[in-house]
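Structure at a glance
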Amino acid sequence: QRCCEERSYREQLCNLNGIAQPLASRKLTRKLYKCIKKAAKHRQIRRGVKEVQKFINKGEKGIAVLAGDTLPIDVYCHIPIMCEERSLPYAYVPSKSDLGAAAGSKRPTCVILLKPHEEYEEAYGECLQEVEALPLPL
């Protein structure tokens, strides 16, 4: 089963758009999906461009997870800039359908704001540390 996951991650890399930097590794992608699943159970996620944008503007803290295969990029290319202005960590994952599935939705989603919560504090902390370690694009 792991072999199939790895291949699908590699296949998904072919569909990335031009702005998908910093891209989460396969391991970090899996950790982010797990954390999003836990957060969705506790209703601690913001999903979709409009909702995420609104709560970033309100000053909400968390990790922004963006889908790297979203086209046209005009839909969400302003989100990373907003994150950088407010020093929010963000990372791209390869697939919008996997991102939507992790959030417990049948619909693909191009951006999720993952909020901290004591129920999954350890997993969130690990993700936060690894996302912050990713190099920002120039």
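The paragraphs below set out a description of the structure included in this document. These figures come from a predicted structure and were not determined experimentally.

**Structural notes on a positive patch on the surface**
Residues K34, K37, K38 and K41 make up a contiguous surface patch of positive charge. Under the relative-accessibility criterion, K37 is labelled exposed at 51%.

**Description of helix α6 (residues 121–133)**
Between its first and last C-alpha, α6 extends 18 Å over 13 residues, near the 18 Å set by a 1.5 Å rise per residue. Looking at α6, one finds that the buried residues are Y124, C127 and V131. Angular distribution of buried residues about the axis of α6 spans 65°; they occupy a single face of the element. Pointing more than 90 degrees away from the buried face of α6 are the exposed residues E121, E122, Q129, E132 and A133.

**Quick notes on the packing of aromatic side chains**
By the definition in use, this model includes 2 aromatic pairs. Summarising the aromatic geometry, the rings of Y76 and Y92 are spaced 6.2 Å apart at their centres and angled 85° between planes, so their arrangement reads as edge-to-face. Here Y92 lies in strand β3 (residues 90–93) and Y76 lies in the loop between β2 (63–67) and α4 (79–85), a separation of 16 residues in the sequence. Residue classification places Y76 among the buried positions, given a relative accessible area of 0%. Pairing Y90 with Y92 gives two aromatic rings, centres 6.4 Å apart and planes at 80°, and the pair type is edge-to-face.

**A short note on the sheet that holds strand β1 (residues 45–47)**
Ordered in space as β1-β4-β2-β3, the 4 strands form an open sheet in which the pairing is mixed. Sheet topology places β1 and β3 at the edges, where each strand pairs with a single neighbour. Averaged over neighbouring strand pairs, the angle between their axes works out to 20° when direction is ignored. Here 4 bridges tie β2 to β3, and the two strands are oriented parallel to one another. Within the sheet, the bridge partner assigned to V65 lies in β3 and is A91. Contacting β1 and β4 (111–114), helix α3 (residues 49–57) crosses the sheet at an angle of about 125° to β1. Sheet strands touched by α6: β2, β3 and β4. Its angle to β2, the strand with the most contacts, is close to 70°.

The rules behind the values
Residues numbered from 1 in each chain as written. Predicted model: local features only at pLDDT ≥ 70, side-chain atom pairs only at ≥ 80, totals over all residues. Heavy atoms only, no water. Patch = residues over 30% accessible without salt bridge, like charges linked within 9 Å, V, L, I, M, F, W, Y side chains within 5 Å. Areas by Shrake-Rupley, 256 points an atom, 1.4 Å probe, with all protein chains shown as cover. Salt bridge = Lys/Arg side-chain N within 4 Å of Asp/Glu carboxyl O. Lys, Arg positive; Asp, Glu negative; His and termini not counted. Charge placed at Lys NZ, Arg CZ, Asp CG, Glu CD. Buried < 20%, exposed > 50% of the residue type's maximum accessible area, 1.4 Å probe, protein only. Helix = DSSP H or I, 4+ residues; strand = E, 2+ residues; numbered from the N terminus. Expected span 1.5 Å × (residues − 1). Arc of directions from axis to C-beta. Phe/Tyr/Trp six-rings, centres within 6.5 Å; stacked < 30°, edge-to-face > 60°. Pairing = 2+ DSSP bridges. Axes fitted to C-alpha atoms, helices over the stretch in contact; angles between N-to-C directions. Contact = heavy atoms within 4.5 Å.

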